[in-house]
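Here's the letter readout for the chains.
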Amino acid sequence: MGDLKPQQQEAEMKGWLHKWTNYLKGYQKRWFVLSNGLLSYYRNQAEMAHSCRGTISLVSAVIHTVDSSNFIISNGGTQTFHLKAANEIERQRWVTALELAKARAIRITESEDEDDYNLVPTRSDKNELQTMLKLLSAKLEDLTTCNNLIIKHGTALQRSLTELEQLESGSDSTAKVKAVNERATLFRITSNAMINACSECLQLAQSQLQKWQKMLQYEHEQRIHLEEMVEQLAKQHSHLEQIAKEATKGTLSPVATYSDDDEFYDAEEHATGEFLVTLPGKGHRRTCSGMSLQSEGQGYGDGASSESDTDLESEEARVITRRRSNQDESHDTNKPSWMCEKSENGSFEQHEEMGSKGKHKHRTSIPERPNYSLSLWSIMKNCIGKELTKIPMPVNFNEPLSTLQRLTEEYEYSELLDKAAKMEDSYEQMAYIAAYTISSYATTSNRSGKPFNPLLGETYECDRTDDYGWRCFSEQVSHHPPMLAQYCEGRSWTCWQEFSMSSKFRGKYLQIIPLGIAHLVFASTGHHYTWRKVTTTVHNIIVGKLWVDHHGEMDIVNHTTGDKCHLKFIPYSYFSRETPRKVTGVVTDKEGIAKWVLQGTWDHKIEGARVIGSQGSVRGKPLLETSTPKVLWKRSMPHSKYLMVKVCFDTRREYEKMYNFTELACQLNEPEEGVAPTDSRLRPDQRLMEEGFWDEANQIKVLLEEKQRATRRKREQEAELSAAEGRPYPGYEPIWFKKETDPVTGNPVHIYQGNYWECKEKQDWSACQNIFL
């Protein structure tokens, strides 16, 4: 390992534990060392000097006790150690030490200044680098000299030993033995010199490693910055060209007054011919459990390479698909999704009026966003390189929804899951599920506001059984790492997920890598699906208009049948000819044979076509014949129905003033009586922001965060006191979810306990804490 070895720090605890390796070897005895917020392990104590087999950081780890001797350590779903102690007392000693080490590591991480090193290399740094390179060159020359001497003396020693063996008389034996001893001494002296030279060279390189890394990082960021500048200039050039062309055409039409950012890119309504999709390869990929397929848990060895969780790029195969007309699957693709649809029993339903038919009529608007000016740079310049969750962000960057509510918004197009539940064909069912997962990104095309980070213990309920047919409940179950658990019940399906994320602010853009797995189960068939979200990047953080892009690959797996759907979200590039925000996908059976192909954009619509045959290949790529594509999902814009009846464009402007919220988003923070006292709708800073009182909201937000930190410090002090007295400390436990082992992935996950709605009916909130002011 290239990092500083944990054993070089003073170990807080060390000893033998049994670690799960694979199904062939089971649990294997390993030497574990806890130091400086890191838990590392080795085959034995002798390996501590040179070969660390694996390390897990406790800052973002979850420690889960299984039984009297087993426990699990999971780091955000990317690393998991399944461990077994000799007995319950030994297990408790390790768990207590790990919890204390985690608390200390979190405190250190929060208080440390991440700007210790200036990223800009000075002239003296470069001069020092040149000097250091000369020193290293001299050391390498010394090593070469020592190597030549060792070869020379080794050859002489070997020759003397051969001569000694061939002696017949004893008269010359004494002289020969003396010569052998002298040459052996020279060989030993030269070897020691070689070892010392190697040690000096190593120490010299290690002493300068951090400075070299700093300079390399700076050069890397400079290159990225230049690339972004070139791309920005190209965009401006194209925009100016467009303005010039429009100016020569005379008066613009009302539709042409929209900016580029307001456009929603269509897949072609009646496209014919060929299009491209991406098939998953057989490379080194991450599984639904977050473990590498070549990791220790599924491999056959216990070496350092087999225990790596590094994700490698998968191989790809391109598929060319040809569409063939099929009257049985044709349909009207021009009908908006909000218009009347005929149900199975022959009746007509109108989605836009369902709220008025249900038990409660929901609001359709919220107070307009006030026009507050704010200097982004004054806030962001000291935040580069820090975790997003540690940046004191004012509400000016937020939207009046919490992350709990924002994830609930993913069920806006839950009718896709209702349709999928009725499908008898598992491949078509998978295609609708894929369309549903893509639809959850639709509103981000023109919404860049940051949702409120939930407080520990914050909850959110959303009962839309009367119109959408589902009810959902979420709870913030962990603060370090930030993690929420969600459970949703539909008419014929159940969906749950545990959501966490890794995020870094890099000056001009913010990258968010979601962690956790979403699960979906259909009641009628028992089909169990899982998937992970793709990476999100927010661009133009400092200068320019914010815009969001989603990119990466998503695998949806049917654990019942073995079917898979591989989706590829293509990253935006100004120089690419691809349609912006494009998504392609293919549904395959357990043998990897293509059954459906998908294409579209994540902000507008997705089309799917059934594969009905194969016609060989073109340039080595399979040529598949498909039926007429049909629209699986199409985004319903809040202003689309008004545009159709030619109402003025004030509707779009009103939509923008309301944070670009959809109708469902406007209703998520709607006040409701009888909810838990920890519900997001009762959070005072969020409510003040929605009502337009941003200054007061910022003040309350600071008080809430200070209260949360004080509560955490109190909990850490209690843990330290319990450890000093030799008694276990239970730590924080969620109220409505419980940490258990996921039967599908094998990782610890928070499972809904099923008693929230019963407590709401009784209005029994005795288990809830006072987390708000």
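Residues numbered from 1 in each chain as written. Predicted model: local features only at pLDDT ≥ 70, side-chain atom pairs only at ≥ 80, totals over all residues. Heavy atoms only, no water.

1. Examining the overall build of the chain
Short version of the rule: For helices the rule is a DSSP run of H or I covering at least 4 residues; for strands it is a run of E covering at least 2, with both sets numbered from the N terminus onward. For every residue, the accessible area (1.4 Å probe, protein chains only) is compared with the maximum for its type, and the residue is labelled buried under 20%, exposed over 50%, or partly exposed between those bounds. For this analysis, residues touch if any pair of their heavy atoms sits within 4.5 Å. In these tables, accessible area is a Shrake-Rupley quantity obtained with a 1.4 Å probe, and a residue counts as shielded only by the protein chains included in the view.
Summing up its helical and strand segments, the chain has 14 helices and 30 strands in all. Buried residues in the chain amount to 45% of all 773 residues. For the chain, restricting intrachain contacts to residue pairs at least 6 apart in sequence, the fraction spanning at least 24 positions comes to 62%. Within the structure as shown, the chain displays about 39,800 Å² of accessible surface, and the carbon and sulfur contribution to it stands at 52%.

2. Observations regarding the pairing of strand β15 (residues 470-479)
Note the cut-off: Between any two strands, pairing holds if DSSP finds at least two bridges.
Taken across its 10 residues, β15 has eight buried, putting it largely inside the fold. Note: strand β14 (residues 459-464) against β15, six bridges, orientation antiparallel. Bridge pairing links R464 to W470 in β15. The antiparallel hairpin formed by β14 and β15 contains five residues in its connecting segment, where G469 sits at a positive phi of about 90°. As paired elements, β15 and strand β16 (residues 482-489) share eight bridges and run antiparallel to each other. Each bridged residue has a counterpart across the sheet, and for H479 the counterpart in β16 is P482. In this antiparallel pair of consecutive strands, β15 and β16, the connection spans two residues.

3. Re unusual backbone geometry
Of the consecutive residues H480 and P481, the connecting peptide bond is found in the cis state with omega at -5°. Here P481 lies in the loop between β15 and β16. One non-glycine residue with positive phi stands out, namely R581, at about 65°. Looking at the element boundaries, R581 is found in the loop between β23 (564-569) and β24 (582-588).

4. Overview of empty space enclosed by the protein
Rules: Think of a 1 Å grid over the protein atoms and nothing else: a 1.4 Å probe that fits but is trapped marks a cavity, an open set flanked by protein within 12 Å on at least five of seven lines marks a pocket, and residues with an atom within 4 Å of a point count as lining. Grid points are joined across faces, edges and corners, and a volume is the space filled by probe spheres set on the points. Amino acids are sorted into nonpolar (Ala, Val, Leu, Ile, Met, Phe, Trp, Tyr, Cys and Pro), charged (Asp, Glu, Lys and Arg) and polar (every other residue, Gly among them).
Across all of its chains, the model carries four cavities of 30 Å³ or more by this definition. Each pocket or cavity is described by its volume, and for the second largest cavity that value is around 90 Å³. Counting only elements with at least two residues in the lining of the second largest cavity, the list comes to α8 (426-439) and β17 (493-505). Element by element, the count of residues in the lining of the second largest cavity is highest for β17, at three residues. In terms of residue class, the lining of the second largest cavity is built from eight nonpolar, three polar and two charged.

5. Quick word on the sheet that holds strand β7 (residues 79-84)
To summarise the sheet geometry, strands pair through backbone hydrogen bonds and adopt either a parallel or an antiparallel arrangement. For clarity, the threshold we go by: In this description, a line fitted to the C-alpha atoms serves as the axis of each element, helices being fitted only across the stretch in contact, and the angle between N-to-C directions of two axes falls anywhere from 0 to 180 degrees.
One open sheet holds the seven strands; their spatial order is β4-β3-β2-β1-β7-β6-β5, and the pairing between them is antiparallel. Each of the sheet's edge strands pairs with one partner strand only, and the pair in question is β4 (54-57) and β5 (61-65). Pairs of neighbouring strands in the sheet enclose a mean axial angle of 35°, with direction left out of account.

6. Comments concerning the packing of aromatic side chains
Spelled out, the test is: Stacked, edge-to-face and tilted labels apply to pairs of Phe, Tyr and Trp rings (six-membered ring for Trp) whose centres lie within 6.5 Å, assigned for plane angles under 30 degrees, over 60, and everything in between, in that order. To sit over a ring, a charge needs its Lys NZ or Arg CZ within 6 Å of the ring centre and within 35 degrees of the ring normal.
Tallied over the entire structure, the rule returns 23 aromatic pairs. Measuring from ring centre to ring centre gives 5.2 Å for Y756 and W757, while their planes differ by 85°; the resulting arrangement is edge-to-face. Judged by relative accessible area, which is 0%, Y756 ranks as buried. Here W757 falls in the buried class, since its relative accessible area comes to 9%. Three or more aromatic residues joined by ring pairs make a cluster, and in this case those are F473, Y487, W736, F737, Y752, Y756, W757 and W765. When the ring centre of W16 is taken as origin, the NZ or CZ atom of K29, which lies over that ring, is 4.9 Å away. The residue whose ring lies beneath K84 is Y27, and the NZ or CZ to ring-centre distance is 4.4 Å.

7. So, the environment of H360
Here H360 shows up in the loop between α4 (354-357) and α5 (376-380). Relative accessible area serves as the criterion here: at 40%, H360 is assigned to the partly exposed category. The sequence separation of H360 and D467 amounts to 107 residues, and the corresponding C-alpha distance is 9.2 Å.

8. Let's talk about the nonpolar core
The test is simple: Residues belong to a common nonpolar core when they are buried Ala, Val, Leu, Ile, Met, Phe, Trp, Tyr or Cys residues joined through side-chain atoms within 4.5 Å.
The biggest cluster of nonpolar side chains holds 61 residues, and the ones touching the most others in it are W493, L520, W531, I556, L567 and F569. Here this core takes eight residues from α8, the largest share from any one element. Setting aside residues no more than four positions away along its own chain, W531 makes contact with I433, Y436, T437, C495, I517, A518, L520, M554, D555 and I556.

9. Quick notes on the pattern of salt bridges
To keep things clear, this is the line we draw: Only one rule defines a salt bridge in this text: a Lys or Arg side-chain nitrogen within 4 Å of an Asp or Glu carboxyl oxygen.
With the rule as written, the count across this model stands at 27 salt bridges. Taking the shortest distance from any N to any O, the salt bridge between R406 and E409 comes out at 4.0 Å. Note on accessibility: R406 and E409 belong to one class, buried. Here E428 ties to R610 by a salt bridge, and the two come within 3.6 Å at their closest N and O atoms. Note that E428 is positioned in helix α8 and R610 in strand β26 (residues 605-618), a separation of 182 residues in sequence. Overall, R610 belongs to the partly exposed group, its relative accessible area being 23%. Within this structure, E461, E672, D679, R681 and K760 form a network of salt bridges that share partners.

10. Considerations on the environment of P728
Position of P728 relative to the elements: it lies in the loop between α13 (694-724) and β29 (737-741). Remark: the alpha-carbon pair of P728 and R93, spanning 635 residues in sequence, is separated by 8.7 Å. P728 has contacts with Q92 and S722, leaving out every residue within four places of it along the chain.

11. Brief notes about the packing of helix α7 (residues 415-422) against α8
Our working definition: Orientation labels follow simple angle bins: below 35 degrees gives roughly parallel, above 145 gives roughly antiparallel, 65 to 115 gives roughly perpendicular, and whatever is left gives oblique.
Remark: α7 packs on α8, axes separated minimally by 8 Å, with the N-to-C direction vectors making an angle of 170°. Judged on the interaxial angle alone, α8 and α7 are roughly antiparallel. Within the contact between the two elements, α7 uses L416, L417, K419, A420 and A421 and α8 uses Q429, Y432, I433, A435, Y436 and S439. Here the residues of the contact of α7 with α8 are counted per class, giving eight nonpolar, two polar and one charged.

12. Topic: the confidence of the model for the chain
Cut-off, in case you're wondering: Per residue, pLDDT captures the predictor's confidence, and it can take any value from 0 to 100.
Averaged over the chain, the pLDDT score is 77; the fraction of residues at 70 or greater is 74%. With pLDDT under 50 throughout, residues 282-315 is counted as low confidence; its partners more than four residues away or in other chains account for 83 contacts. Segment residues 325-358 is flagged for pLDDT under 50; beyond a separation of four residues in sequence, or across chains, it makes 46 contacts in the model.

13. Looking at α8
Owing to its 3.6 residues per turn, the α-helix brings residues three or four apart onto one side. In plain terms, the rule: The length a helix should cover is 1.5 Å for every residue beyond the first. The term polar contact refers here to a pair of N or O atoms within 3.5 Å; inside protein, the definition further demands a hydrogen-donor-capable atom paired with an acceptor-capable atom, and it admits residues adjacent in sequence only when both atoms are side-chain atoms.
Relative to the 20 Å expected for 14 residues at 1.5 Å per residue, α8 spans 20 Å between its end C-alpha atoms, a close match to the ideal helical length. Among the 14 residues that make up α8, 13 are buried, leaving the element largely enclosed by the rest of the structure. Where α8 begins, the side chain of D425 points an oxygen toward the backbone nitrogen of Y427, at a separation of 3.0 Å.

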